[in-house]
Every structure is written in structure tokens, then in C-alpha cells.
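Secondary and tertiary structure notes
As a plain string of letters, each chain reads:
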Amino acid sequence: MKRKTRRLWLVIACVGALGTAAGLTLTAFSSNIQLFMTPSQVAAKPPPADRTVRLGGMVVAGSVKRDHKGDTPINRFDVTDGQSAVTVSFEGILPDLFREGQSVVAVGSMAPDGGFTASEVLAKHDETYMPKEVAEALQKSGKWDPKFGPPPDAASWNTMTQKEASATVQGK
């Protein structure tokens, strides 16, 4: 084999190995990526039931329902972005900072009944904090424009009542 031919085969083998490594890496990452979605996006195009996503928005005032299954607390609440609402079910203790009308990010997947089953609930950590994804979703929905100052407080940005949110959830 000539020197040029040997070099060509070496380059082809290296490119093939690099392509295989990149393909395996992307496959591994695609199963671990958690997409951020708003309730409007979930209502428009629900993710597959086996896909873990982060659902972000504001907890609808008056929507929190608490129950027990043995010793495990069962929590149900609606999350809205001002345009649509999704009912979230969470088994476990909610964070201390979880409140109605506050920003929340729920990590989980879609349930067969159309609701959202959360494996983890994250609440904001002070009165001025809003997760970046929730702030961007509010900007896109027209509920907040950063050039007019900080994001509105949870009590004033959304006038959606529990009755309106329930109608939105049922109207999917």
C-alpha cells in the first residue's frame, strides 16, 4: 500500500470514529434533556408521556388541593401562563416557598388523563425572583415587557380566576 493510500484510510477511519462518537453522545444527551414548556405550549402540543419536561408558570389562586394517600401528601394545583392552564399532580411535600399566585417550575411528564404528573416542584426563592424561562414566557405572551420595569408581582399580572382556569383546562 502506498503512503497516500494508507493516509487516506487513516483519515477515513478517524472521521468514521469521530462521527460514531458524536452520534452516541447526541443519543445519550437526547434522552436526558428536559425541555421547558409553558401551559400554552402543552395545550397546543402535549409532549409524549415518556418525555420529562419542565412546566413553568404561575400557580392559579384557589387551585391548590391537598389530600393524603397513606402517609404521602398528594397535591393538585393549576399552573398558568395567562393564556392556558395545566393541572399538576405532585406526590410529596411541596417546598416551603410554594404559594398560590407565585412562580413555579414542575419537573415531570404528561399523565394519560391530560394532566401533568410532577416528580419535583421548584418554587421561587424570594419576592423578586422569577425563573428565566417563566420571565421569557411572560414576555412572549405579552404579560410583561422588561422595558417597563421589573416583572409584575404574581397578584397583579394575571387576573385569571380558578373558574376561568378550570374552564381552560377542561377546554383542551
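Residues numbered from 1 in each chain as written. Predicted model: local features only at pLDDT ≥ 70, side-chain atom pairs only at ≥ 80, totals over all residues. Heavy atoms only, no water.

Where an unreviewed UniProt entry is consulted, the chain appears under the name Cytochrome c-type biogenesis protein CcmE, with the organism given as Acetobacter musti. Here the chain is described in UniProt, under the heading Sequence similarities (unreviewed entry), as follows: "Belongs to the CcmE/CycJ family." Here the chain is described in UniProt, under the heading Function (unreviewed entry), as follows: "Heme chaperone required for the biogenesis of c-type cytochromes. Transiently binds heme delivered by CcmC and transfers the heme to apo-cytochromes in a process facilitated by CcmF and CcmH." (UniProt positions renumbered as here; feature names shortened; annotations may be inferred.)

As for the overall build of the chain
If you tally the helices and strands in the chain, you get 5 helices and 7 strands. Overall, the chain shows an N-to-C arrangement of helices and strands of α-β-α-β-β-β-β-β-β-α-α-α. In the chain, the proportion of contacts linking residues at least 24 apart, taken out of those at least 6 apart, comes to 52%. Here the chain has roughly 10800 Å² of accessible surface; of this, 57% comes from carbon and sulfur atoms. (Helix = DSSP H or I, 4+ residues; strand = E, 2+ residues; numbered from the N terminus. Contact = heavy atoms within 4.5 Å. Areas by Shrake-Rupley, 256 points an atom, 1.4 Å probe, with all protein chains shown as cover.)

Things to note about the nonpolar core
Core analysis: the largest hydrophobic core is formed by 19 residues, its most contacted members being Leu55, Phe77, Val88, Phe98, Phe116, Ala118 and Val121. Every element with two or more residues in this core is listed here: strand 2 (53-59), strand 4 (72-80), strand 5 (85-91), strand 6 (103-110) and strand 7 (116-123). Leaving out residues up to four positions away in the same chain, Phe116 has contacts with Val53, Leu55, Val86, Thr87, Val88, Ser89, Ala106, Val107, Gly108, Ser109, Met110 and Ala111. (Core = buried A, V, L, I, M, F, W, Y, C linked by side-chain atoms within 4.5 Å. Buried < 20%, exposed > 50% of the residue type's maximum accessible area, 1.4 Å probe, protein only.)

Brief notes about the pairing of strand 6
Side chains on a regular strand alternate between the two faces of the sheet. Within strand 6, 7 of the 8 residues are buried, which leaves the element mostly enclosed by the surrounding structure. In the sheet, strand 2 pairs with strand 6 via 6 bridges, with the strands oriented antiparallel. From the neighbouring strand, Met58 faces strand 6, where its bridge partner is Ser103. As paired strands, strand 6 and strand 7 are joined by 7 bridges and run antiparallel to one another. Paired with Val107 across the strands is Glu120, a residue of strand 7. (Pairing = 2+ DSSP bridges.)

Concerning the environment of Glu100
For Glu100, the position within the fold is in the loop between strand 5 and strand 6. Separated by 23 residues in the primary sequence, Glu100 and Phe77 place their C-alpha atoms 8.8 Å from one another. Dropping the residues within four chain positions of it, Glu100 is found in contact with Val59, Val60, Ala61, Gly62, Ser63 and Val64. Engagement of the side chain of Glu100 in a polar contact is seen with the backbone nitrogen of Val64, the distance being 3.5 Å. (Polar contact = N/O pair within 3.5 Å; in protein donor to acceptor, adjacent residues only side chain to side chain.)

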